[in-house]
Amino acid sequence: MAWPKSLDEYEKLVIRMNTPRVVIDNAVCPTATLVKVDSPRKDGILLEAVQVLADLDLSIQKAYISSDGRWFMDVFHVTDRHGQKLTDESVISYIERSLSSAGDEAGPGSCGLEALTTLELIGTDRPGLLSEVIAVLADLRCSVVEAKLWTHKGRIAALLFVKDEDSGSLIEDSDKIRRIEVRLRNVVRGATTALSSSSTEAAGGTRADRRLHQMMFADRDYELRGGGGQPSVSVQNWTERGYSIVNVQCSDRPKLLFDVVCTLTDMKYVVFHGIIDTTGDKAYQEFYIRHSDGSPISSEAERQRVIQCLQAAIDRRASEGLRLELCVADPDRRLLAKATRVFRENGLSVTRAEMSTKGEMAVNVFYVTDAGGHPADRKTIATW
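Residues numbered from 1 in each chain as written. Predicted model: local features only at pLDDT ≥ 70, side-chain atom pairs only at ≥ 80, totals over all residues. Heavy atoms only, no water.

### A closer look at the environment of Val162
- Note on placement: Val162 falls in strand E7 (residues 155–164).
- For the pair Val162 and Leu119, spaced 43 residues apart in the sequence, the C-alpha separation amounts to 7.5 Å. (Helix = DSSP H or I, 4+ residues; strand = E, 2+ residues; numbered from the N terminus.)

### Here we look at the pattern of salt bridges
- For the coordinates displayed, the defined rule picks out 22 salt bridges.
- Between Arg317 and Asp209 there is a salt bridge whose closest N-O contact spans 3.0 Å. Here Arg317 is found in the loop between helix H9 (300–316) and strand E13 (322–329), whereas its partner Asp209 is found in helix H7 (residues 205–218), with 108 residues between them in sequence. A single burial state applies to Arg317 and to Asp209, both of which are buried.
- For the salt bridge of Asp259 with Arg253, the shortest nitrogen-to-oxygen distance reads 2.8 Å. (Salt bridge = Lys/Arg side-chain N within 4 Å of Asp/Glu carboxyl O. Buried < 20%, exposed > 50% of the residue type's maximum accessible area, 1.4 Å probe, protein only.)

### Here we look at H9
- A rise of 1.5 Å per residue sets the reference length of H9, with its 17 residues, at 24 Å; its end C-alpha atoms lie 24 Å apart and thus fit the reference within 8%.
- Every buried residue of H9 is listed here: Glu302, Val306, Ile307, Cys309, Leu310, Gln311, Ala312, Ala313, Ile314 and Arg316. (Expected span 1.5 Å × (residues − 1).)

### Concerning the pairing of strand E4 (residues 71–79)
- With eight bridges joining them, strand E2 (residues 33–40) and E4 adopt antiparallel strand pairing. When the sheet's bridge partners are listed, Pro40 is paired in E4 with Trp71.
- Examined bridge by bridge, strand E3 (residues 59–66) and E4 share seven bridges and lie antiparallel to one another. Paired with Ser59 across the bridge in E4 is Thr79.
- If you look at the hairpin formed by E3 and E4, you'll find four residues sitting between the two strands, and Gly69 has a positive phi there, around 75°. (Pairing = 2+ DSSP bridges.)

### Thoughts on the sheet that holds strand E10 (residues 243–251)
- Spatially, E1-E2-E4-E3-E11-E12-E10-E9 is the arrangement adopted by the eight strands of the open sheet, whose pairing is antiparallel. One side of each edge strand has no neighbouring strand; the edge strands of this open sheet are strand E1 (21–25) and strand E9 (232–238). This sheet shows a mean twist of 20° between the axes of neighbouring strands, independent of strand direction.
- Its contacts with the sheet place helix H2 (residues 45–55) against E2, E3, E4 and strand E11 (269–279), and it is angled at close to 20° to E4.
- The strands that H9 touches are E9, E10, E11 and strand E12 (282–291); relative to E9, the one it contacts most, it runs at about 145°. (Axes fitted to C-alpha atoms, helices over the stretch in contact; angles between N-to-C directions. Contact = heavy atoms within 4.5 Å.)

### Regarding the side chain of Lys148
- As for its placement among the helices and strands, Lys148 is situated in strand E6 (residues 142–152).
- A distance of 2.6 Å separates a polar atom in the side chain of Lys148 from a polar atom in the side chain of Asp209. (Polar contact = N/O pair within 3.5 Å; in protein donor to acceptor, adjacent residues only side chain to side chain.)

### Brief notes about the environment of Glu96
- Turning to its location among the elements, Glu96 is positioned in helix H3 (residues 89–100).
- Residue classification places Glu96 among the partly exposed positions, given a relative accessible area of 32%.
- For the pair Glu96 and Lys36, spaced 60 residues apart in the sequence, the C-alpha separation amounts to 9.8 Å.
- Contact partners of Glu96, with chain neighbours within four places excluded, come to Val22 and Ile24.

### Quick notes on the confidence of the model for the chain
- Mean pLDDT over the chain works out to 86, with 86% of the residues at or above the 70 mark.
- Residue range residues 105–112 is modelled with pLDDT below 50. Its contacts to residues more than four positions away, or to other chains, number four contacts. (pLDDT = per-residue confidence, 0-100.)

Written out as structure tokens, the structure reads:
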């Protein structure tokens with residue numbers, strides 16, 4: 001395990017001797033399952049806990065966060081995607097195992113997982129772009145196993161996990177890698193691309209989501225104008241206690257807490273206390289934070305940057321569009337190329353997409369809008 005430089009030997013010993021304690025309780029709250037986590041404080045442990053719950057598509061109705069001093073204590077009130085308490089013993093057991101090993105880099109490895117080539121793509125968005133990207137990959141005999149794509153304020157960020165169609169393994173031919181990069185840069189204006197190897201484990205869930213946030217943050221999409229109404233975010237300093245207080249109010253949605261905590265973590269802020277509450281379709285979040293060096297926000301420019309970055313992070317996943325789900329057993333290798341070509345030929349734009357392959361089943365989710373940026377007409381799609 002790689003220790004943060006700030007930890008002394010005593011703090012390392014405390015962490016080794018005290019693994020996280022996890023309690024899952026269905027008796028205390030009549031409407032939600034309580035997930036309690038108590039452990040020594042470690043960098044990033046809050047994000048890891050939220051990642052586990054987000055990967056299971058659980059809704060966090062309330063949360064109480066406290067990690068001042070040497071200990072991290074958190075209580076999450078969670079429900080499943082149908083708003084019910086957790087009753088599936090396999091899900092409960094998975095949460096207990098995952099949260100108990102949070103922060104442990106010596107956990108289960110990726111042995112036996114399929115090796116893939118990761119393609120990162122960021123550039124200027126336009127109608128039909130996804131169709132052209134998929135067509136290029138199909139022409140170069142690259143099979144898309146998993147993919148995630150976000151658009152925000154005229155920019156696009158995509159993670160595509162591919163393998164060589166002929167060999168069925170990751171792409172190692174340097175000439176082919178070079179051809180992929182050249183072809184994609186010709187398709188995406190102002191594009192930057194990166195190719196690396198990964199496993200199917202890295203392709204799904206919040207690992208990919210976090211990378212998309214990082215890519216768009218590096219692209220400085222938070223500085224761009226455009227889009228609808230912004231979430232309400234305010235930042236003020238509590239000088240006496242040395243905290244900066246971040247307040248977020250917006251429409252509630254899945255993975256909202258993950259997007260906020262992920263952004264604060266990647267901006268090198270530490271959450272010491274927090275309260276999360278939802279009322280109806282509204283979410284209220286309050287965080288007491290300091291920079292990783294222990295200081296609060298020190299300037300107006302920094303305060304504005306935090307506000308802009310959180311607004312952008314919340315807005316990225318809230319893409320408007322009609323949700324289309326395409327599930328096909330034993331799919332044709334050109335399925336994605338055909339589906340995205342249909343969108344392009346009918347003047348539709350894909351604002352967000354998640355594509356995955358589970359065994360012999362291809363599961364593809366698209367959020368599509370018409371030329372005016374409005375959700376696509378259901379009646380038009382029903383005639384295809």
